[in-house]
Amino acid sequence: MTESGAAGAVTPVPSEPDGRVFGAPTTLRFALLALLFVAAGAGLSVQIIGAVPGLVENGWGCLLADGHNPESGTVLGTPEASVEGSSLAALRACEERYVTHTEWVPFAVVSVLVLAAAVLYRALSWWMGRRLLEVEQVDPDGRLRRDLDDLVAVAGLGVPVRFAIVPGMLRSGAAVFGTRRRPVVRVTSGLTVVHRADPDRFRAIVLHELAHIRNGDIPVFYATLALWRVFLVAVLLPAAGMAAYQLTTDQYPAAWHIASLRVFLLIEEALIVVMVYLARADVLRTREMHADLTAVRLWRMSPDELHGGRPADAGEPTGLRRAVAAAGEPWRRHPSWPQRRRVLVAPDALFGTGVLPMFTTGLIADIFANQLGTLLPSSVSALGTIRILLAAGLVTAIGGAAVRRAVRYAGVRNRAAPSGWAAGFWLGTGLAVGELAAESASAGRWLLPHPEAVALLIAVVMLLMAWIAEYTGLRAGARRGRTSFAGTLIGIAPAWLALAYALSWWGGNLLVYGWRYNVETALRVLEVPVDHPPLFARITAILPEVLPNTGVLSLWWSPALLWLLPLVWARPPGLARIVLAGLRGGAAACAGLLAGRLAVDTVRTLHGSIFVGAELSWILIVLTGAMVVTAVVVAASTPSCPLISALIAAGVVALTGTLGAVLQLVFSGCLGPADVLMAGHCSILPAPLSLLTLWTSFVLGPAVVLCLGAAAIAQAARRLSRRPTRTVTRADAPAGTRRRFVVAIVVTATVAVVTLDTATTAEPRSTSASAGPLLHSGPPPSPRTEKLQVNAWASYGGVDLINRIHTMDHTTLIDVLTKIGRAGGDIRSVENRLVPPACTAVIKLARDADRYFLIPVAAGRRYWADAVAALDDAARACHRPARQPYAALLAAFWDVVNAQEAVDHLSVWMGRGETPLGAQRFVAASGEYQPLTYHGATFRFAAANLAVRHTGTGAGRVATLDAAACLTAAPGHTTTSGDLPSLGDWRLVFPDGRRVAPVRTHPGDVDAPPYPAAPTDALDATGDCVAGRVTFGIPAAEHGDPRTVAFASPQVPTVLTWRPPDPRSNQIDLLGATRPITAGDPQGWTAVTGYAVHTAGPNHDHIPPADRLATITVVTCASGVPAATATARRPWKLLLADGVVAFPVRSRPGDRSPDPALYPNGRERVGPRAGCRSGSIPFDIPAADTSDTVAIYYEAPHVRHPWRLTPMVP
Amino acid sequence: MDSRAAHGSADVELIDVIRDVVADIAPEELPLVAALTQLSPAEAGRRLARRTSRDDPLGFGMDDFVILVVPVIWAAVQEVVNHLATSAADGLVARIRVRLRKWLRRPEPVAPLPHFGPPELDEVRERVRELAVQAGMEPERAELLAYKVADRLAATGPEKRAT
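Residues numbered from 1 in each chain as written. Chains lettered and ligands numbered in written order. Predicted model: local features only at pLDDT ≥ 70, side-chain atom pairs only at ≥ 80, totals over all residues. Heavy atoms only, no water.

**A short note on the overall build of chain A**
Worth spelling out the cut-off: Under the DSSP-based scheme used, a helix requires at least four consecutive residues in state H or I and a strand at least two consecutive residues in state E, with every element numbered from the N terminus. Only heavy atoms enter the contact rule, under which two residues are in contact if any of them lie within 4.5 Å. With residues, only the protein chains shown are counted as cover, and all accessible areas are computed by Shrake-Rupley using a 1.4 Å probe.
Across its full length, chain A carries 35 helices and 23 strands. Long-range pairs, those at least 24 residues apart, make up 75% of the contacts in chain A between residues at least 6 apart in sequence. Entry remark: accessible area of chain A is about 49,800 Å², with carbon and sulfur atoms responsible for 61%.

What follows is the structure, encoded as C-alpha cells:
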C-alpha cells in the first residue's frame, strides 16, 4: 500500500508533515479506476454482444416466457420475480436450448482490453517521444546539460532520467512520460530560454517533474490513461452507439428485454464517463500538489521559487469569476495556483477527506461492483462474496485511508481529530447513488418505491468510517506518528469486512422496493391465525426471516471484529470501567433469560396453536436489548472513543449473555420456573448446536451493527446536551462540531423515518402464494410487460408447438390415416408399420407441450391449458392396446383437432391469427337413401352431415361425412358382411374435378364419431348396415368446397352422387323447456328461452355478408357447479337439418370480449330467479348452409346426459 | 518580384538572420534557435505562431509564454517576405505540390531570403518594432531589435555577396 512505501522511502520525518509521510491514497484510487475499466469492459461487452440481434441469447426471453416480471422490482431469475405457474423445469429446458454460453466472453474481453492497454501504454511513450531533440542538439555550451544533471543529483532518483527538447514550443513547460525505469522529461524550447533567463523558475519546474518521477506517477497515470482510452474506444463508444441505435430504431430483440433499459445503459455510460473524469482529475490534482510538496520539502526549494515570484493573491479570482473558477475546478487536471500555494504553506487540503474524492470513490466502487458481476457472478456464492469483498475493500481502503490520514495529521498538528462522519456520509452517498442507479436500471424504471431506504447504507458507511477514525485515534495515541502496512490493514480490515457483510445483506434484501417481511403471512405459516398478535409473537414470527445466513461466507462474524480487535489491540482508556459495564449488562441479560419462561408462556399457545420458536426469539430479544442498552449507556458516558467503548461493552454483554443462555439450555429442566425449554426432567443436555449458531450469528452480526448505530446516536445526544458548557479551546472546533451535530441529527432522523416508513408500509400488502411465505411479490406486470412475456412465450417455443400441433393434425396424421385407408392387402401390417411412429410423434408432442411454459398471462393460459389437455388425451389414446392401432390413431387425431381448436383461440388471443371460428366453415349436404338393386340384393346408400373444416393455417382441411350403406337380401338370397360396399368407396368431388378419398376405408372399424351427432341420428341405418363417420383429408392445394359426394363401388354398377341445396334465410321463434344441468341437482337448470335466425347484414364486421346468424337466449341457474362452467357457452351447439353442427362464435356486433367461453351479455338476475344468469349465444351459419336448425345441443363435462332440444317452427 | 529578388540570397536563410541577431542581443534564446534549425522552416514557423496552452498531464501546469525575440523576428520578416512574394506559391498546382510533398514526406525546399531593398528594410524595421512592443518588450529594446534585424537583412543583399 502507498502508505508504507512512502513512509519507508523518507528517511527523516520532518517537523512539518508533508504529503508523503502518510502516503497519498491516490494509487488506490487509480487502481479503482483501472479496475472499473476492466470490470465495466467485461460487463458492457456482454451487453453489447447480447444486444446484437441473433448473435447470442442471454436467457431473458426464457425468464419472460416463464412469467418473470422485470418490473417487479426484483432481480430476474430469483423466485421472487416469478409468478404463479412458472416452471423451473421448463425454464431450465428453455435455457438449455436457447441460451448461448458466453461465460468466456468477459474474460476474453478483459484479456484483450488489458493487452491493448499494454500496447497503448508503450505506444503513448513512443508517441510523446517522437520528434524530440536531445539536449546536446540545442545546448552548444553544455550549460543546460550540466544544470539538469545537477538537479537529477539533488533529487537522487536512482534511475537514469532522459531529458528531451520539444523544438519550437514557446511555453515554458515540461512533462514526464516513459516508464518507471526509463523516465523521460520533455522540456519545451521555452523552458530552455527560462533556463538562462530565470534559473530559479527553471529549477522549480524541473524539480516538480522529477518529483512526479520520484512519486511513481508515470506508470500509474499512463497505465490508467491507456486503459481509459482503450475502454472508451473499444467498449464505451460501441455500447453507447448500440444503445442509441436501438433507441432510434425501436426494435428490441428478445435478448433486450425492456426498451427503457437502453436509456439506462446510456445514462450509466454517461455516469461512468463523468465520474471517471472527475475522479481522475481529482487524483491528478492531488498528485500535482504532492509533487510540489516533494520538490519543496525534500529538495529544499522555497515555495516562492516554485511560485515564480507571483504575489500571494495572483490568479485568485474574485466575484463571479471566482464562482466560475470554483465550478470548473473539479474538472481541471492541475490545481489552481492559489490552491497550490496554500498547500505549500500548510498542506491541510491534502489531509482532508474531501467531498468529491469520497463521493466519486463510493459511486465508482459501486459501479465497479455491479459491473464485476459479469466476471464474478453471484450465482456462485464464493464468487459473489469475493466481488462484494473487492468492492467493500476498495471503498474502505480509500475512504478509511483518507480518514486515517486526516486523524493522524490532526494528531501531529494537535488539532481535534475528524470524526469520520462526513467522509462516511459522502462515501456512503456515492455508494447509495450508485446502488439506486443500478437498481433503477435493472428494474427499468426511474423511480423506485422506496429510494430513501439507501439511507441505511449511508448510515452503515458513516458508522464504519467513524469507527476507523476512533480506532486510528486510539492507535495513534499509542504509537505517535508511526504507521506500518500491517497497522493500516488491521485498522481497516474490520470495517472492510463489516461493510462487505452489510453490502451482502443489502444486496439480498433490496429494501428500496419496500419492506419485504410480512408478519401476518409469517404467522399464517406458523399456523397461528391471530388478528392482533402481541409484539412478542410478531417478532418471533418474523425472526427466522431476518436471522443471518450462518455460512462463513455470509460474513456474519465480521461485525464482531469491530469490538474484538480494539479490545485486544488498542485498549481504549477506562477499559476496566467499560468491561464492568458490559458485565453488568450481561448480568441483566441473564436475569432476563431466567424470566424467559414467563414471556414464552404468554405466546406459547395462541388461539389454541402451539407457537414455536418463542424460546429462541426471547433469547435474541433479551441479548440484543441488553447489548443496545449497554452500548447506549457507555457511549453516552464515555468522552473519548465512545463508539469503540460502547461496542466493547456490548460485546462483553453478548459473551456473558451467550454463556448464560448456554448454561440455561444445558441445565434445562433443573431450573424450575427459570427453565426456558419445556424439558420433562432435570438432566444435563448438550446445548443444541444449531440454536447456538443461530443466536451467536445474530448477536455477533446484526446486533453489533445495531449497537454501533445506537451508540452513535447516544454520542450525538451527549454532545448536544453538553455543548453549551463545553470549553472551546480551538478556533475551528465550534463550526466542526456543529456540523457534526447536524449531520448526526439528520442521519438519525433519516434512519428513523426510513425504518418507520418501511415498517408501516409493509403491513397492508398481501403476498403471493408462489413468492415464498414471507416475501412480498412485486407489482403485477404492466400491459407492456405482459406483451413482452407473451411474445417471449411464443418466440421461445410456443409458436413451434402451435405449428407442430397444426402439422400433426393436417399433415402427419391425415397422411398416415390416408395411407392406411388406401392400403390394400394386409392392412394390419400397414397399420403396424405406420401407426406406432405417428403415435410416438403424438406422444412426444403432448409431452413437449406439457413441459413447456404455461402462458404467463392468465387470460391466455386457459387456451393453452385446453390444448395441453387435449394433447394429453391424444397421447392417452395412442397408448391404447396395439390391437386397434387405427382406432387409437383416429381418436388421437380428433384430440389433436381439439388441441388445434384451442391453439387457434390462443392465436387469436395473441393477435397472431384470424378469428378461429370465423376460419372454420361448414358446408353441408343432406342425403337420402338411394336404393339400388343388384345381384339379388337391395343396397341403400345415404350420406349426410358433410362438414368441411378450415383450420386456420391453410395447411389443409378436414371433411367429415356421415355415411351409411345397408344391404337387404332379396328373397332367396343370403348376404354376408363382405357383400357390403366399403365406406371407402365414398369420394368428395370438387368443382375442379378432383376426387378425394377417405382417410379410412376399412369397413367395420370406424371409430365412434367424436362429436355429438351419431350417424344414425341423421341416417336411419336400420338393418344390415355399415355406418359411420368418414374422414377426408382435403389437401391444401384444393381451395374449393366439395360440390358433390359420390359413391362408386366395384360391386355397384353405377355412381351415385348428391349435391347440397342452395342457401336461403329464415327466421323462427320458439320457447324451450328447462333441463337440469347436473343429474340429481334440482336447483341447477338451464333453459333455452328464445331462438332466432337472421341474415347478417353487411354492417356485421365479424361475419361476411350472406352468412346467417342464429342466436339462442339461455337462462342458467347453477348450483353445485362454478358459475363460469355453468354459463360457458362452449357446450352449446346447433345441429342443422343437413347434419352440420354450428358452434358459438364471438359474433355479436360490438362484442369485443376476448373470452368466447362465457355468455357475452349475460346478466345476473334478481328476484325469484336470483343467482341465475341469462344471455344470448350467437352461432354463425355459413352462407353455404341453407338448412334449418333441427336441434339445439347442450353437452358439457358436468352434464351427465347431453340433451337435445328441437326448436318448434311456428 | 524580379528574378534577382527571387533568387538573390539563396545562401542566407531566415534562421541565419535570427541566429545572428539573437546572439547579439538575446543570447539566452540561442537554444531555441538551435532547436528551430532542426525543423523545416514551415514547421518552425507554425510552431512559433502556436499560442495555445495545453494542460499537460504530469506537467508543471503553470506554463507561461516567455517574451521572446525569436518569434517577433520570424513573424515580422516572414510577413514582409510574403508581401514580396509573387503568386509563385499561389494557385492550385502549387498547393497540390505542397500537399504531395507533405504526403511523401519530402523535405520542403529551403526558403531563401529575397533581396531586401530600402523600402522593404523599412517595412521590416517597422513590423519588428510593432510586434516586439505588442509582445511586451520595452520600446527602447524593441527599437534596438528592429535596427539589428534591418542591419542584418541589409547585409544579405546580392551586391554584398558579389563582393
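**Side note on unusual backbone geometry**
Residue and element names in this part refer to chain A. Condition: Whether a residue is buried, partly exposed or exposed follows from its accessible area with a 1.4 Å probe, protein chains only, as a fraction of its type maximum: under 20%, in between, or over 50%, in that order.
The backbone of Asn 414 sits at a positive phi, close to 55°, despite the residue not being glycine. Examined against the element boundaries, Asn 414 turns out to sit in the loop between helix H16 (381–412) and helix H17 (421–443). Among the residues examined, Asn 414 registers a relative accessible area of 57% and is labelled exposed.

**Things to note about the sheet that holds strand S1 (residues 133–134) of chain A**
All names here are of chain A. To be explicit about the condition: Strand pairing is assigned whenever DSSP detects at least two bridges linking the two strands. Every angle, taken between N-to-C directions, lies between 0 and 180 degrees, and every axis is a line fitted to C-alpha atoms, over only the stretch in contact when it is a helix.
Spatially, the four strands line up as an open sheet ordered S1-S2-S4-S3, and their pairing is mixed. With one partner strand each, in any of the chains shown, S1 and strand S3 (174–178) form the two edges of the open sheet. When strand S2 (residues 162–166) meets strand S4 (residues 183–188), the two strands line up parallel, connected through five bridges. Opposite Phe 163, over in S4, you have Val 185 as the bridge partner. Its contacts with the sheet place helix H5 (residues 104–129) against S3 and S4, and it is angled at close to 140° to S3.

**Focus: the pattern of salt bridges**
Residue and element names in this part refer to chain A. Convention followed: By convention in these notes, a salt bridge is any Lys or Arg side-chain nitrogen within 4 Å of a carboxyl oxygen on Asp or Glu.
Per the counting criterion, the structure on display carries 27 salt bridges over all chains. A salt bridge links Arg 92 to Glu 95; the shortest N-O distance between them is 2.9 Å. Separated by three residues within a single helix, Arg 92 and Glu 95 lie in helix H4 (residues 88–98), roughly one turn from each other. Between Asp 141 and Arg 196 there is a salt bridge, with the nearest N and O atoms lying 3.2 Å from each other. Taken together, the residues Asp 141 in the loop between helix H6 (135–138) and helix H7 (143–155) and Arg 196 in helix H8 (residues 189–197) connect sequence positions 55 residues apart. Look at Asp 141 and you get partly exposed, because its relative accessible area is 39%. Here the residues in one salt-bridge network are Arg 29, Asp 282 and Arg 285, joined through shared partners.

**Points about the pairing of S2 of chain A**
All names here are of chain A. Counting buried residues along S2, four of its five residues qualify, which places the element largely inside the surrounding structure. Of the strand pairs in this sheet, S1 and S2 are connected by two bridges, and their pairing is antiparallel. Paired with Glu 134 across the strands is Ala 164, a residue of S2.

**Some details on the interface of chain B and chain A**
Rules: As used here, buried area is the combined drop in accessible area, with a 1.4 Å probe, of two parts when they are placed together. N or O atoms within 3.5 Å of each other form a polar contact, as long as, within protein, one can give a hydrogen and the other can take it, and as long as residues adjacent in sequence are counted only when both atoms are side-chain atoms. Ten residue types, Ala, Val, Leu, Ile, Met, Phe, Trp, Tyr, Cys and Pro, are classed as nonpolar, four, Asp, Glu, Lys and Arg, as charged, and the remainder, Gly among them, as polar.
Tallying the contact residues gives 31 residues for chain B and 40 residues for chain A. Roughly 3,200 Å² is buried in total at the junction of chain B and chain A, and carbon and sulfur atoms are behind 61% of that figure. For the interface between chain B and chain A, the tally reads eight residue pairs in polar contact (both at pLDDT 80 or more). Put simply, the parts of the chain that give the side of chain B that touches chain A at least two residues each are helix H3 (30–36) and helix H4 (41–49) of chain B. Counting residues per element, the side of chain B that touches chain A draws most heavily on H3 of chain B, at five residues. Taken together, the residues that form the side of chain B that touches chain A break down as 16 nonpolar, five polar and 10 charged.

**Structural notes on the packing of aromatic side chains**
All names here are of chain A. How we decide: Only centres within 6.5 Å qualify two rings of Phe, Tyr or Trp (six-membered ring in Trp) as a pair; their planes then separate them into stacked at under 30 degrees, edge-to-face at over 60, and tilted for everything else.
Applying the stated rule across the entire model yields 13 aromatic pairs over all chains. Between Trp 228 and Phe 231, the aromatic rings sit 6.0 Å apart at their centres with planes inclined by 40°, giving tilted as the arrangement. Here the residue Trp 228 and the residue Phe 231 both occupy positions in helix H10 (residues 217–249), the gap between them amounting to three residues, near one helical turn. Note on Phe 231: relative accessible area 1%, which makes it buried.

**Brief notes about a nonpolar patch on the surface**
All names here are of chain B. Rules: Like-charged residues within 9 Å of one another, or nonpolar side chains (Val, Leu, Ile, Met, Phe, Trp, Tyr) within 5 Å, are grouped into patches, provided each residue has over 30% relative accessible area and no salt bridge.
A contiguous nonpolar patch, built from Leu 92, Val 93, Ile 96, Leu 100, Trp 103 and Leu 104 and spanning about 680 Å² of accessible area, is present on the exposed surface. Along the chain, Leu 104 turns up in the loop between helix H6 (92–103) and strand S2 (112–113). For Leu 104, a relative accessible area of 52% gives the class exposed.

**Section: the nonpolar core**
Residues and elements named next belong to chain A. Stated precisely, the cut-off is as follows: In plain words, nonpolar cores are sets of buried Ala, Val, Leu, Ile, Met, Phe, Trp, Tyr and Cys residues tied together by side-chain atoms within 4.5 Å.
Grouped together as the largest cluster of nonpolar side chains are 198 residues, with contacts concentrated most on Phe 163, Leu 210 and Tyr 222. In terms of residue count, the dominant contributor to this core is helix H18 (residues 454–478) (15 residues). In this structure, Phe 163 is in contact with Glu 134, Val 135, Arg 145, Leu 148, Val 152, Val 185, Val 187, Val 206 and Leu 210, ignoring residues within four places of it in sequence.

**Observations regarding the confidence of the model for chain B**
Residues and elements named next belong to chain B. To be explicit about the condition: Residue-level confidence of the predictor, termed pLDDT, takes values from 0 up to 100.
Model confidence for chain B is summarised by a mean pLDDT of 77, while 75% of its residues fall at 70 or above. Mean pLDDT across the elements of chain B ranges from a minimum in helix H1 (residues 3–7), with 40, to a maximum in helix H8 (residues 139–154), with 91. Confidence drops under pLDDT 50 across residues 159–163; counting only partners more than four residues distant or on other chains, this segment forms nine contacts. Interface predicted TM-score (ipTM) for the complex: 0.84; the corresponding pTM is 0.67.

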